Amino acid sequence: MKYKIGFGAFCFLAVLVVLVSNIVKAFRAQSGELEYFINNKAYSFAYAEQEVADCILRFDFDNTESVLGQTIYEKDGCNITVSEIDNTDEGYVRISFEATGNYDDTKKEGSFISPVIALPDEENKWRIINSLPEVAPAEEYRCSFASETCEYEKLTNRFSIYVTKISFLDSEKEADDANRIVTIRFSNLWEMKWHKKS
């Protein structure tokens, strides 16, 4: 009798574990967690670098706050937005971005576009792939990544760049006619697409 009860309890727990696992998977799919789609063999997943002409941020170096919240790129429900500005130092500004993807639960397909993405390698270690933006005027400003993350929050990742005055780096006095209008162009973006296999 004890054997029958024990076996019955085991079967019940096994069914419960499978049920909870399926519920969690369904929730993660519906909530649009990018890591879930990347690691899920039920989905076909691909990514590629593409050239774009319209992912541009233009701002006045003396008034950087004006671009906070600005969307610099939109495509198929994906967007890249300025999320934070740090201009506490007069020689450079740190600009943070959020890249957000899109998932259609009805079609079971989605996409994500960003100059910074993270993917697992053959050893399942996450690595960052990025495309550095161009800055103009190049003779007066330099641009570099300040931060990148391997982590995704649902279909969003974050990254930031430094825009630095060359006169500040070289400890030179800035010319009175220095161009304070800066243009940042992400000419190459990484696009990820996935859909559920038939």
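Residues numbered from 1 in each chain as written. Predicted model: local features only at pLDDT ≥ 70, side-chain atom pairs only at ≥ 80, totals over all residues. Heavy atoms only, no water.

Caption draft 1: Inspection of the layout of surface pockets at higher detail. There is about 150 Å³ of room inside the second largest pocket. Forming the walls of the second largest pocket are D76, N102, D104, K107, E109, G110, S111, K193, W194 and H195. Of the residues that constitute the lining of the second largest pocket, the class distribution is one nonpolar, four polar and five charged. (1 Å grid on protein atoms, 1.4 Å probe; cavity = no way out; pocket = protein on both sides within 12 Å on 5 of 7 lines; lining within 4 Å. Points joined across faces, edges and corners; volume = space filled by probe spheres on them. Nonpolar A, V, L, I, M, F, W, Y, C, P; charged D, E, K, R; others polar.)

Caption draft 2: Inspection of the sheet that holds strand 14 (residues 188-196) at higher detail. An order of 1-14-7-6 is seen for the four strands of this open sheet, with the pairing classed as antiparallel. Because the sheet does not close on itself, it has two edges, and the strands there are strand 1 (43-51) and strand 6 (102-104). For this sheet, the mean angle separating the axes of adjacent strands, direction not counted, is 10°. Across six bridges, strand 7 (residues 109-114) lies against strand 14 in antiparallel orientation. By the bridge assignment for strand 14, I113 is matched with E191. (Pairing = 2+ DSSP bridges. Helix = DSSP H or I, 4+ residues; strand = E, 2+ residues; numbered from the N terminus. Axes fitted to C-alpha atoms, helices over the stretch in contact; angles between N-to-C directions.)

Caption draft 3: How the structure looks around the packing of aromatic side chains. Following the criterion strictly, the structure yields 15 aromatic pairs and no others. Measuring from centroid to centroid gives 5.1 Å for F37 and W194, while their planes differ by 25°, and the two rings are stacked. In this pair, F37 is assigned in helix 2 (residues 34-39) and W194 in strand 14, connecting sequence segments 157 residues apart. The exposure classification of F37 matches that of W194, with both residues buried. Measuring from ring centre to ring centre gives 6.3 Å for W126 and Y152, while their planes differ by 65°; the resulting arrangement is edge-to-face. In this pair, W126 is assigned in strand 9 (residues 126-130) and Y152 in the loop between strand 11 (141-148) and strand 12 (156-165), connecting sequence segments 26 residues apart. Judged by its relative accessible area of 11%, Y152 falls in the buried class. Three or more aromatic residues joined by ring pairs form one cluster here, namely Y36, F37, Y43, F45, Y103 and W194. (Phe/Tyr/Trp six-rings, centres within 6.5 Å; stacked < 30°, edge-to-face > 60°. Buried < 20%, exposed > 50% of the residue type's maximum accessible area, 1.4 Å probe, protein only.)

Caption draft 4: The arrangement of the side chain of T183 in detail. Its place among the elements puts T183 in strand 13 (residues 181-185). Since its relative accessible area comes to 15%, T183 is described here as buried. Engagement of the side chain of T183 in a polar contact is seen with the side chain of R58, the distance being 3.2 Å. Setting aside chain neighbours within four positions, we find T183 in contact with I56, L57, R58, E134, V135 and A136. (Polar contact = N/O pair within 3.5 Å; in protein donor to acceptor, adjacent residues only side chain to side chain. Contact = heavy atoms within 4.5 Å.)

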